[in-house]
Amino acid sequence: MSTDSNRRVLVLTGASRGIGHATVKRFSSAGWRVITCSRHPFPENCPWEAGPEDHVQVDLGDPEDRARAVLELRKRLNGGPVHALVNNAGISPKGPKGERLNTLTTSEEDWRKVFEVNFFAPVVLARGLIEELKAVQGSIVNVTSIAGSRVHPFAGAAYATSKAALASLTREMAADFGPFGIRVNAIAPGEIDTAILSPGTEKMVADIPLRRLGKPEEVAKAIYYLCTDQSSYVTGSEIHINGGQHV
Ligand SMILES: NC(=O)c1ccc[n+]([C@@H]2O[C@H](COP(=O)([O-])OP(=O)(O)OC[C@H]3O[C@@H](n4cnc5c(N)ncnc54)[C@H](OP(=O)(O)O)[C@@H]3O)[C@@H](O)[C@H]2O)c1
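Rules behind the numbers
Residues numbered from 1 in each chain as written. Predicted model: local features only at pLDDT ≥ 70, side-chain atom pairs only at ≥ 80, totals over all residues. Helix = DSSP H or I, 4+ residues; strand = E, 2+ residues; numbered from the N terminus. Contact = placed C-beta atoms within 7 Å. Buried ≥ 20, exposed ≤ 12 C-beta atoms within 10 Å, placed from the backbone. Pairing = 2+ DSSP bridges. Axes fitted to C-alpha atoms, helices over the stretch in contact; angles between N-to-C directions. Near = placed C-beta within 6 Å. Nonpolar A, V, L, I, M, F, W, Y, C, P; charged D, E, K, R; others polar. Parallel < 35°, antiparallel > 145°, perpendicular 65-115°, else oblique. Left-handed = near helix turned anticlockwise from the far one by under 90°. Expected span 1.5 Å × (residues − 1). Core = buried A, V, L, I, M, F, W, Y, C linked by C-beta atoms within 7 Å.

K.L.:
Residue-level account of the environment of leucine 125, with values.
P.N.:
Mapped onto the secondary structure, leucine 125 falls in helix α3 (residues 108-128). Linking leucine 125 and lysine 94, residues 31 residues apart in sequence, is a C-alpha distance of 26 Å. The residues contacting leucine 125, other than those within four sequence positions of it, are Val70, Leu85 and Asn87.

K.L.:
Give a description of the environment of leucine 213 that names residues and reports values.
P.N.:
Considering the arrangement of structural elements, one finds leucine 213 in the loop between β6 (183-189) and α6 (216-226). Here leucine 213 falls in the partly exposed class, since 19 other C-beta atoms lie within 10 Å of it. For the pair leucine 213 and threonine 235, spaced 22 residues apart in sequence, the C-alpha to C-alpha distance is 27 Å. Apart from residues no more than four positions distant in its own chain, leucine 213 is found in contact with Glu191, Ile192, Asp193 and Val205.

K.L.:
Run through the sheet that holds strand β3 (residues 55-57), naming residues and quoting values.
P.N.:
Spatially, seven strands are ordered β3-β2-β1-β4-β5-β6-β7 in an open sheet, and the strand pairing comes out parallel. Among the strands making up the open sheet, the edge pair consists of β3 and β7 (238-241). On average, adjacent strands in this sheet sit at an angle of 15 degrees to one another, irrespective of strand direction. Relative to strand β4 (residues 84-87), strand β1 (residues 9-13) is paired through three bridges, and the arrangement is parallel. Within the sheet, the bridge partner assigned to leucine 12 lies in β4 and is valine 86.

K.L.:
A description of the site of the ligand should follow, citing residues and the corresponding values.
P.N.:
Surveying the vicinity of the ligand reveals 30 residues, the closest of which are Gly14, Gly18, Ser38, Arg39 and Gly90. The element that contributes the greatest number of residues to the shell around the ligand is helix α1 (residues 18-29), accounting for three residues. Residues belonging to the shell around the ligand are distributed by class as follows: 13 nonpolar, 13 polar and four charged.

K.L.:
Before we move on, can you summarise the pairing of β1 with the specific residues and values?
P.N.:
Judged by how many residues are buried, β1 sits mostly within the fold: five of five residues are covered. Residues Val9, Val11 and Thr13 line one face of β1 and the alternating positions Leu10 and Leu12 line the opposite face, and both faces are buried. Examined bridge by bridge, β1 and strand β2 (residues 33-38) share five bridges and lie parallel to one another. By the bridge assignment for β2, leucine 12 is matched with threonine 36.

K.L.:
Can you lay out the pairing of strand β5 (residues 139-143) for me, pointing to particular residues and giving the numbers?
P.N.:
Of all five residues in β5, five are buried; the element is thus mostly enclosed. The alternating pattern of β5 places Ser139, Val141 and Val143 and Ile140 and Asn142 on opposite faces, both of which are buried. With four bridges joining them, β4 and β5 adopt parallel strand pairing. When the bridges of β5 are listed, alanine 84 appears paired with serine 139. When β5 meets β6, the two strands line up parallel, connected through five bridges.

K.L.:
Explain the packing of helix α2 (residues 63-77) against α3 to me, and be specific about the residues and the numbers.
P.N.:
Running from amino to carboxyl end, α2 crosses α3 at an angle of 30 degrees, the nearest separation of the two axes being 10 Å. Looking at the two axes, α2 sits roughly parallel to α3. Here α2 runs over α3; the crossing is right-handed. Counted together, Pro63, Arg66 and Val70 of α2 and Glu116, Ala121, Val124, Leu125 and Gly128 of α3 form the full contact between these two elements.

K.L.:
Which residues make up unusual backbone geometry, and what values do they have?
P.N.:
Within the chain, asparagine 78 stands out as a residue other than glycine whose phi angle is a positive 55 degrees. Assignment of secondary structure puts asparagine 78 in the loop between α2 and β4. Classification of asparagine 78 by C-beta neighbours within 10 Å gives exposed; the count is 6. In this structure, arginine 211 is a non-glycine residue whose phi angle is positive, near 55 degrees.

K.L.:
Now, about helix α5 (residues 157-177): what can you tell me, with residues and values included?
P.N.:
Between its terminal C-alpha atoms α5 stretches 29 Å, which fits the 30 Å expected from 21 residues at 1.5 Å a residue. Among all positions of α5, only Ala157, Ala158, Tyr159, Ala160, Ser162, Lys163, Leu166, Leu169, Thr170, Met173 and Phe177 are buried.

K.L.:
Please provide a residue-by-residue account of the nonpolar core, values included.
P.N.:
A general tendency of soluble globular proteins is for nonpolar side chains to be buried together. If you look at the biggest cluster of nonpolar residues, it comprises 59 residues, and the most contacted ones within it are Leu10, Leu85, Val141, Ile187, Val219 and Ile223. Contact partners of valine 141, with chain neighbours within four places excluded, come to Val86, Asn185, Ala186, Ile187, Ile223, Leu226 and Cys227.

K.L.:
Outline the packing of α1 against α6, supporting the account with residue identities and numerical values.
P.N.:
The packing of two helices is summarised by the inter-axis angle and the distance between the axes. With their axes 8 Å apart at the nearest point, α1 and α6 run at an angle of 55 degrees to one another. Taken together, the axes of α1 and α6 are oblique relative to one another. Remark: the crossing between α1 and α6 carries right-handed chirality. Contact with α1, carried on its side by Gly18, Ile19, His21, Ala22, Thr23, Arg26 and Phe27, involves Pro216, Glu217, Val219, Ala220, Lys221, Ile223 and Tyr224 of α6 and no other residues of that element. The class makeup of the residues in the contact of α1 with α6 is eight nonpolar, three polar and three charged.

Okay, structure coming up:
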């Protein structure tokens, strides 16, 4: 991976902080080119080699802007391959006082927005980059959540259902993309120490077998595993990264 032409390429959504930031660091340190996508301009506090040139500013919740971003990504790739696509960007809206939004209190508008970002963006990006992924039998990782498989005290109904749908999408895509040699997996984090967590999460630690929150770097390591040869026969899987919270 010494020259630009044989450098591996990662397209990563939501790289400005949290799990995405740790993922940028993990892949960059292994010599990958990382092309990032998020709403804000290039985050100065998350620097990586060639960062500003390889950042696409996009609102993944806006179907038109999303379509523009796919074209922009393909332009920047200039016919070159994508070895990995990591759909990490996600939103988890709360009520005005920070309260959980359930099936009775979530507006249709909010529900749709959550699905646009958490569910539709991954499928649009994967379909939009299929030729670039096919070229090198790339790997796709969708970031789901423990909230996709159980009612969670803080994550709301829209978030939970979007992540359950994303887990199902991962299976569907594994079946459809597999014949092209493209692997599609998901990782389902539990309570990871990032900005998305709600106040009060600390109290959940007592019920987690490993008795601590996870670190973004621990999630990034699992994403890296799914994007490399170490996992060459793994597809359609969802890896729990939650200190045993699901047991
Ligand atoms: N932290 C946890 O404990 C946990 C647990 C389970 C699952 N997860 C999942 O892990 C992923 C990352 O979580 P995190 O905790 O690292 O979240 P975070 O700190 O809130 O970061 C979210 C990222 O998504 C980007 N983003 C949000 N809305 C976007 C939009 N409309 N268009 C483009 N980018 C957008 C943000 O960048 P901009 O602000 O620049 O747009 C940011 O980089 C999410 O999918 C989340 O659901 C996290």
